[in-house]
Structure formats: C-alpha cells, structure tokens
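Coordinate analysis (summary)
Here are the chains, one letter per residue:
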Amino acid sequence: MEPDMFEALAVALGGALGSLGRWQLGVFFKQWIPGMPAGTFAANVVAGLIIGFVTGLDLASPLQPQVKLFLAVGLCGGLSTFSTFSNETFSFIQAGNWVGAGCNIAVNVVTCLLAVFVGLKLAAAVA
C-alpha cells in the first residue's frame, strides 16, 4: 500500500473514532445537563488537550506522519465540534438568549485554549 493510502486510512480511522467519541459525550452529558451543549464543550476541551499533547510530543521528537495524522487530524477533527458549537450558539441567539450565547462562546474559547496549553505542558513533561 502506498504511503498516501496509509495516511488517508489513518485520518479516516481517527475521524471515525473521534466522531463516535463526540456523539457519546453528547449522549452522556445530555442526561446530566439537559438544555445545555455540555457534550460539545467537553469534546472541544478533550480535542484541545489531545492536539496540544500531540503537538508537544511532535515538537520534542517528530512523530510518524501516520500517527500524527491519526491523532491530530483524524481523532481531533472528528472529536472537535466547532461547527456544532457555532450552530448551538446561533440557536441561543435565535432564541434571544444572548447571555447563554455569550457564556457558551467565552467558556468554550477560554477553556479550549487552556486545554491546548495544558496538553503542550504535559507533552513537555513526558518527552
């Protein structure tokens, strides 16, 4: 199999697993925090942490391209839900819930940036 095919399979498999994880987080959090997109928030934070960790490891010692593609592009791409986050925020706006929209934006952006930072620090500690 050509290297490009291995890379494509790595992205596809990672994306499938990330998408399943995002869905499962949504199902889990919906029962605990109904009416709020907590599953989307959790998926974005976890993806931020993973991509920060993978980037940190790659900076310390370059990862195999297929591994990096599986984790950063596939898994995090399937798991991170910016389009869902945007749609849910817009739903708050359409409902006239500007406070909910603003809180959703602020909490997601600040926490996900922090998760990337923590992921980088964790990678530096283990690399």
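Residues numbered from 1 in each chain as written. Predicted model: local features only at pLDDT ≥ 70, side-chain atom pairs only at ≥ 80, totals over all residues. Heavy atoms only, no water.

Going by an unreviewed UniProt entry, the protein carries the name Fluoride-specific ion channel FluC and comes from Lancefieldella rimae. UniProt lists a comment for the protein under the heading Function (unreviewed entry), and it reads "Fluoride-specific ion channel. Important for reducing fluoride concentration in the cell, thus reducing its toxicity." (UniProt positions renumbered as here; feature names shortened; annotations may be inferred.)

Details of the layout of surface pockets
Considering only enclosed or pocket space, the largest pocket measures out at about 330 Å³ in volume. Together, 19 residues line the largest pocket, and Met 36, Pro 37, Ala 38, Thr 40 and Glu 88 are the ones closest to its centre. Elements that contribute at least two residues to the lining of the largest pocket include exactly α1 (3–32), α2 (38–60) and α4 (82–94). Broken down by element, the residue count for the lining of the largest pocket peaks at six residues, all from α1. The residue makeup of the lining of the largest pocket, split by class, is nine nonpolar, seven polar and three charged. By volume, the second largest pocket is sized at about 180 Å³. Asn 44, Ala 47, Gly 48, Ile 51, Ser 80, Phe 82, Phe 85, Asn 108, Val 109, Cys 112, Leu 113 and Val 116 together form the lining of the second largest pocket. Only α2, α4 and α5 (98–126) provide two or more residues apiece to the lining of the second largest pocket. (1 Å grid on protein atoms, 1.4 Å probe; cavity = no way out; pocket = protein on both sides within 12 Å on 5 of 7 lines; lining within 4 Å. Points joined across faces, edges and corners; volume = space filled by probe spheres on them. Helix = DSSP H or I, 4+ residues; strand = E, 2+ residues; numbered from the N terminus. Nonpolar A, V, L, I, M, F, W, Y, C, P; charged D, E, K, R; others polar.)

Notes on the UniProt feature "transmembrane region" (unreviewed entry) in the protein
Under the feature "transmembrane region" (unreviewed entry), the UniProt entry names residues 37–57, 69–86 and 98–120. From the first C-alpha to the last, residues 69–86 spans 25 Å; its make-up is 89% helix and 0% strand. The span residues 98–120 is 100% helical and 0% strand by assignment, and the distance between its end C-alpha atoms comes to 33 Å.

Observations concerning the packing of α2 against helix α3 (residues 65–79)
The geometry of α2 relative to α3 is characterised by a closest axis approach of 9 Å and an angle of 165° between their N-to-C directions. Taken together, the axes of α2 and α3 lie roughly antiparallel to each other. The crossing of α2 and α3 is left-handed. Within the contact between the two elements, α2 uses Ala 43, Val 46, Ala 47, Ile 50, Ile 51, Val 54 and Asp 58 and α3 uses Lys 68, Leu 71, Ala 72, Leu 75, Cys 76 and Leu 79. Of the residues in the contact of α2 with α3, the class split is eleven nonpolar, no polar and two charged. (Axes fitted to C-alpha atoms, helices over the stretch in contact; angles between N-to-C directions. Parallel < 35°, antiparallel > 145°, perpendicular 65-115°, else oblique. Left-handed = near helix turned anticlockwise from the far one by under 90°. Contact = heavy atoms within 4.5 Å.)

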